[in-house]
Amino acid sequence: MPKSPKLDAYIDSAPEFAKPFLVQLRALVHEACPEVEETIKWSVPHFEHKGVLVGVSAHKKHINLIFWKSSLMRDTYGLFEAAGSMKPIRIEAGEAPPSDRVLRGYILQAVALNESGVKPEPRKSKPKSEIETPKDLVAALATNKAAKAVYQGLPPSHRREYIEWIEEAKRRETRERRIAQAVEQIAEGKSRNWKYQRKKASASTSKSPQEG
């Protein structure tokens, strides 16, 4: 496949220590996957074949090499950093990069995964834990039986929205005003974002069959 002039320009403008590795990586990717396509995404080089195989970014003092399906790959030589679903291989300036043989093995794994069509499992977001209701909101709710009853039945996410909105207030007067408004809305069975949710529902029902 033809090589991208944009990738040429990226290599030319990279820090001197990074240039040999970028040239080495490029050659190895083309050798391992002759059908590979070069592109620039998010301002850095990426190599694609039936999806993104690997991206590389050169910084002043290090290089990040990211295989997009690293979570499914065998990290035979312990190169991946532990954090994240796309675990980077970090190469510091002055540090010897992985050998051609090692890199070729990782690249071939990435090619095989893309050709198989396998996809990483979507990341599961951890549910937010319940947060404590501020004492001044508790006291305000205690003066309104309807609001207190509704609040106790609200989903944790809706209680959190009210609490975070109140806690964001920087002035005492603003906080007191928000608490009073919260109690009034809660007594009416409204969530913190009830206006937005009502508009969203109206927009949804107004769509034509072709739009929906």
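Model, not experiment: these values are computed from the prediction.

A. Summary view of the nonpolar core. Among the nonpolar cores identified, the biggest contains 33 residues, and Phe21, Leu25, Leu65, Phe67 and Ile107 are the most heavily contacted of them. Those elements that place two or more of their residues in this core are α1 (5-13), α2 (19-32), β2 (44-48), β3 (52-58), β4 (62-67), β5 (89-92) and α3 (100-116). Discounting residues that sit within four places of it in the chain, Phe21 has contacts with Val56, Ile63, Leu65, Ile91, Pro97 and Leu103. If you look at the next biggest cluster of nonpolar residues, it comprises 14 residues, including Leu141, Ala147, Ile179 and Val183.

B. Molecular detail of the pattern of salt bridges. If you walk through the whole model with that rule in mind, you get 12 salt bridges. Note that Lys190 and Glu188 form a salt bridge whose closest N and O atoms lie 2.7 Å from each other. Residues joined by salt bridges that share partners form a network here, namely Asp8, Arg26 and Glu38.

C. Just the side chain of Glu38, in detail. In this structure, Glu38 sits in strand β1 (residues 37-41). Under the relative-accessibility criterion, Glu38 is labelled buried at 11%. For Glu38, the side chain forms a polar contact with the main-chain nitrogen of Ser4, separated by 2.6 Å. Within the structure, Glu38 has its side chain in polar contact with the side chain of Arg26 (distance 2.8 Å). Setting aside residues no more than four positions away along its own chain, Glu38 makes contact with Lys3, Ser4, Leu7, Arg26, His30, His46 and Phe47.

About the criteria used
Residues numbered from 1 in each chain as written. Predicted model: local features only at pLDDT ≥ 70, side-chain atom pairs only at ≥ 80, totals over all residues. Heavy atoms only, no water. Core = buried A, V, L, I, M, F, W, Y, C linked by side-chain atoms within 4.5 Å. Buried < 20%, exposed > 50% of the residue type's maximum accessible area, 1.4 Å probe, protein only. Helix = DSSP H or I, 4+ residues; strand = E, 2+ residues; numbered from the N terminus. Contact = heavy atoms within 4.5 Å. Salt bridge = Lys/Arg side-chain N within 4 Å of Asp/Glu carboxyl O. Polar contact = N/O pair within 3.5 Å; in protein donor to acceptor, adjacent residues only side chain to side chain.

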